Amino acid sequence: MRIAFGVAAFVVAALTIGSVRAAGRICTTADTLMFGQQAVGSSEQRSVVVSNCGDRAWSFTDVSTHAATSAAYRVESACATGMTLAPGDSCAIDVYFEPHAPGQASGAVWLHNSTSTPDQLITFYGRAVDAQAGTGMLEFTPAIANFGTQNVGSESDALVVTLTNRGSVSLVPSALVLNGANPYDFRGASRATDCGIGRPIAAGGACTLSLYFAPREIGRRQATLVVDAPQLAALAFLTLVGEATIEPAKPPTIVVTEFHNARDGQYFITGDPGEVALLDGGKLGSDWSRTGTSFKAWPNDTSATDALPVCRFFGTPGVGPNSHFYTAYAHECDIVAADPHWIAEGVTFRARRPVAGACAADDGTGLRLFSPGATPTASRHRYVVDRATADAMET
């Protein structure tokens, strides 16, 4: 039986109030330039205006093209290292996408400066296609990679996606990229048998991708798998989606321990640590010992709303059975409580009752055994969770 407990978190928000003073600020009309799909041999231009949107002058400490920028880009910048911009002043950067070979291409320009945010980066992306070669077409199966529900902090099993080349020529992937809203919640496996960059997919042929979902936050999570190849007329996209949840915490359980009295044959179970200590210490007689059997149940103060109190009774001395009786059924509690042969001893643990004769998947099954004696005081009860033990006692 599994249990959950709640945790209350208290967050103290602090506000810091500082003095207002003059400061230079850098502003750009865009921080990303998207060139989309352009033909090989063409030239496409995009511009960014950089300005001082503050009330104090600042200077460029370095204006340079990022070292990883593709040769497909040409940058012409009026902004320069050492240039000072007074409040309201601006300069422009022109970026040209002039691809000579098909494929995805990216680049960036650094705008290091003397403001409080000194490391500014303008990025640009584009894809070049060859009008003569762009005849390939990819088909994804399934059309959407839906991972269903997954707990935050755990990873799904592999979802295998098939990529089929529906074109008339062999297709060679040049890029397999995960982007979109939550790209870090998904990943692909690197297997020799999977689709991969530089691994041809014959016309009419197919390959597979093994994808995984490991959400970082609750809610709907989504990303896009982008596949590029020189033979594709357009980028191929696959949507990856999953719902992230947090598995409810389980209320804590206690251990219910069974004891046997070698002298009179009684069996006794308890989840009370104090009673366990007395029996183990021989304080209730030297004839008591553990049977080695135990099971988990809920304590009396559990937050598990479907855990019911287990009433405990002991036979009235000289009148009732020299044995204990337990039940989680309210009507049995009422009947036994009104019977002069029994004395109510309260509740030491809680349990869930079967539904339609079956216990929940995470629960163990408790079996109640009764042995009628020659007299009422000689009758005995035992409660076991092992079918083999029950069968042995019934023979």
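Because the structure is a prediction, the values reported are computed rather than measured.

Enquirer: If you had to explain the pattern of salt bridges to someone new, which residues and values would you point to?
Expert: If you walk through the whole model with that rule in mind, you get 16 salt bridges. Residues R387 and D391 are paired through a salt bridge, measuring 3.1 Å at the closest nitrogen-oxygen approach. With R387 and D391 both in helix α3 (residues 387–394) and 4 residues apart, the pair spans about one turn of that helix. Using a relative accessible area of 44% as the deciding quantity, one classes R387 as partly exposed. Assessed through its relative accessible area of 34%, D391 is described here as partly exposed. Among the charged side chains, a network of salt bridges with common partners joins R74, E76 and E98.

Enquirer: An account of a nonpolar patch on the surface is requested, with residue identities and associated values reported.
Expert: On the surface, V152, I218 and I246 cluster together to form a nonpolar patch covering roughly 280 Å² of accessible area. Here I218 shows up in the loop between β15 (206–213) and β16 (219–228).

Enquirer: Which residues make up the environment of V177, and what are the values?
Expert: Within the fold, V177 resides in strand β13 (residues 175–179). Overall, the relative accessible area of 39% leaves V177 in the partly exposed class. For the pair formed by V177 and A67, sequence separation is 110 residues and the distance between their alpha carbons is 21 Å.

Enquirer: Just give me the short version of the sheet that holds strand β21 (residues 308–315), but keep the residues and values in it.
Expert: Read across the open sheet, the 3 strands follow the order β22-β21-β23; overall the sheet is antiparallel. Looking at the sheet topology across the chains shown, the edges are occupied by β22 (324–327) and β23 (342–351). With strand direction ignored, the average angle separating the axes of adjacent strands in the sheet is 25 degrees. Alignment of β21 against β23, held across 6 bridges, turns out to be antiparallel. Opposite L308, over in β23, you have A351 as the bridge partner.

Here is what the cut-offs are and how they apply
Residues numbered from 1 in each chain as written. Predicted model: local features only at pLDDT ≥ 70, side-chain atom pairs only at ≥ 80, totals over all residues. Heavy atoms only, no water. Salt bridge = Lys/Arg side-chain N within 4 Å of Asp/Glu carboxyl O. Helix = DSSP H or I, 4+ residues; strand = E, 2+ residues; numbered from the N terminus. Buried < 20%, exposed > 50% of the residue type's maximum accessible area, 1.4 Å probe, protein only. Patch = residues over 30% accessible without salt bridge, like charges linked within 9 Å, V, L, I, M, F, W, Y side chains within 5 Å. Areas by Shrake-Rupley, 256 points an atom, 1.4 Å probe, with all protein chains shown as cover. Pairing = 2+ DSSP bridges. Axes fitted to C-alpha atoms, helices over the stretch in contact; angles between N-to-C directions.

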